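Structural features, examined
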Amino acid sequence: MQHLDTYKTKGLRKKLVEELKTKEITCPKVLSAIEKIPRHLFIDSSFLEFAYQDKAFPIGEDQTISQPYTVAKQSELLQVKSKEKILEIGTGSGYQTCVLLELGAKVFTIERQRNLYFKTKELLTQLNYNANCFYGDGYAGLPNFAPFDKILVTCGAPFVPDALKEQLKIGGILVIPVGENAQQMQVYTKQSDTEFSCEEHGDFKFVPMLENRK
Ligand code: SAH
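Residues numbered from 1 in each chain as written. Predicted model: local features only at pLDDT ≥ 70, side-chain atom pairs only at ≥ 80, totals over all residues. Heavy atoms only, no water.

This part is about the pattern of salt bridges. Scanning the entire structure with this criterion turns up 8 salt bridges. Arg-13 is the partner of Asp-5 in a salt bridge, and the nearest nitrogen-oxygen pair spans 2.7 Å. For Asp-5, a relative accessible area of 26% translates into the label partly exposed. On the accessibility criterion, Arg-13 (2% relative accessible area) is buried. Residue Lys-36 pairs with Glu-102 through a salt bridge whose shortest N-O separation is 3.3 Å. (Salt bridge = Lys/Arg side-chain N within 4 Å of Asp/Glu carboxyl O. Buried < 20%, exposed > 50% of the residue type's maximum accessible area, 1.4 Å probe, protein only.)

Take helix α2 (residues 28–36) next. All buried positions along α2 are accounted for by Val-30, Leu-31, Ala-33 and Ile-34. Summarising the axial view, the buried residues of α2 lie within an arc of 160°, below the 170-degree limit, and thus occupy one face. Along α2, exposed side chains directed more than 90 degrees from the buried face belong to Pro-28, Lys-29 and Lys-36. Among the structural elements, α1 (7–22), α3 (68–78) and α4 (95–102) are those in contact with the buried residues of α2. (Helix = DSSP H or I, 4+ residues; strand = E, 2+ residues; numbered from the N terminus. Arc of directions from axis to C-beta. Contact = heavy atoms within 4.5 Å.)

It is worth spelling out the layout of surface pockets at this point. What the largest pocket holds in volume is close to 500 Å³. Forming the boundary of the largest pocket are 35 residues, of which Thr-64, Ser-66, Thr-154, Cys-155 and Val-207 lie nearest the centre. At the level of elements, β2 (63–65), α3, β3 (85–89), α4 and β4 (106–111) are the ones that each hand at least two residues to the lining of the largest pocket. Of the residues belonging to the lining of the largest pocket, the class tally is 14 nonpolar, 16 polar and 5 charged. (1 Å grid on protein atoms, 1.4 Å probe; cavity = no way out; pocket = protein on both sides within 12 Å on 5 of 7 lines; lining within 4 Å. Points joined across faces, edges and corners; volume = space filled by probe spheres on them. Nonpolar A, V, L, I, M, F, W, Y, C, P; charged D, E, K, R; others polar.)

To continue, consider helix α5 (residues 114–126). Between the first and last C-alpha of α5 there are 19 Å, a value that for 13 residues agrees with the 18 Å anticipated at 1.5 Å per step. Packed against the buried residues of α5 are β1 (57–60), β2, α4, β4 and β5 (132–135). A positive backbone phi angle near 65° is found at Asn-128, which sits one or two residues after α5. (Expected span 1.5 Å × (residues − 1).)

A few words on the side chain of His-40. Here His-40 is to be found in the loop between α2 and β1. A residue is classified by how much of its surface remains accessible, and His-40, at 2% relative accessible area, is buried. A polar contact of 2.8 Å, which involves the side chain of His-40, links it to the backbone oxygen of Leu-4. (Polar contact = N/O pair within 3.5 Å; in protein donor to acceptor, adjacent residues only side chain to side chain.)

A few words on the nonpolar core. Within the largest apolar cluster, 46 residues are counted, with the highest numbers of intra-cluster contacts made by Ile-34, Phe-42, Tyr-95 and Val-175. Here this core gets 5 residues from one element, more than from any other, and that element is α4. Counting residues in hydrophobic clusters, the runner-up holds 19 residues, among them Leu-142, Cys-155, Ile-176 and Val-178. (Core = buried A, V, L, I, M, F, W, Y, C linked by side-chain atoms within 4.5 Å.)

The next thing to look at is the site of the ligand. Gly-90, Ser-93, Glu-111, Gly-138 and Leu-210 are the nearest of the 26 residues found near the ligand. At a separation of 3.2 Å, a nitrogen atom of the ligand approaches a polar side-chain atom of Thr-154. Note that a nitrogen atom of the ligand is positioned 2.6 Å from one of the backbone N or O atoms of Leu-210. Contact with the protein chains covers 99% of the free accessible surface of the ligand, which is 580 Å². If you map the ligand onto the pockets, it falls in the largest pocket. Listing elements by their share of the shell around the ligand, those giving two or more residues are β2, β3, α4 and β4. Counting residues per element, the shell around the ligand draws most heavily on β2, which supplies 3 residues. (Near = heavy atom within 4 Å. Areas by Shrake-Rupley, 256 points an atom, 1.4 Å probe, with all protein chains shown as cover. Sits in = over half its atoms within 2 Å of the grid points.)

Below, the discussion takes up the state of the cysteines. All told, the structure shown has 0 disulfides when counted by the stated rule. Unpaired in this structure, Cys-27 has its nearest cysteine sulfur neighbour in Cys-98, at a distance of 17 Å. According to the relative accessible area criterion, Cys-27 is partly exposed, its value standing at 26%. Cys-155 forms no disulfide, and the closest cysteine sulfur to it belongs to Cys-133, at a distance of 15 Å. (Disulfide = S-S within 2.5 Å.)

Scope: geometric values only; no functional claims are made or implied.
Below you can see the structure in the form of structure tokens.
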């Protein structure tokens, strides 16, 4: 693995941050997390030049690392505060996980693809990012570790799983892209055990949230 973070990669990240600002990402903490995290280490080293383009990219096992804009947008919508306990569904490359860690959260993350789970857990350890990684099914969440201050789903969900609503604290926020082929970014705030308010934040395209582990 390429550990090097050079002037070149740092420069490319600065440019990416400028690009995200033009796309109306404004949260300084989110922008500085993106400026800090060497995204090129999360994709195959032969594709270095793609790492800092604002595009999704294949990471193997038919999965993708989300587009930087999408990571930034979801992170903003989550309004992360230091020490919050966050559940992420879809560890994937681990890049979004690291953004949440840089924002000061305690992160629990679930991946359903076994190989990806092992590969990313190892990478995060090597990079000194301390997340709690689980191989499992995001539809079930993590009842043993609930409740969570925030929940972030990074795959396209056909519906909002009840388990995730249940595992959210009152006052907590769930950010979830909902839809089959394309998704609407929905942001739920838990008002009481049974009541949620919902806002919509535009159209996105994610890999599907699938049932059962693989
Ligand atoms: N946050 C990731 C995005 C990866 S794409 C990143 O920054 O790279 C979404 C991921 O969700 C894929 O790795 C996919 O395998 C995973 N996924 C799909 N359905 C899932 C489910 N039911 N439970 C957990 N993970 C799931």
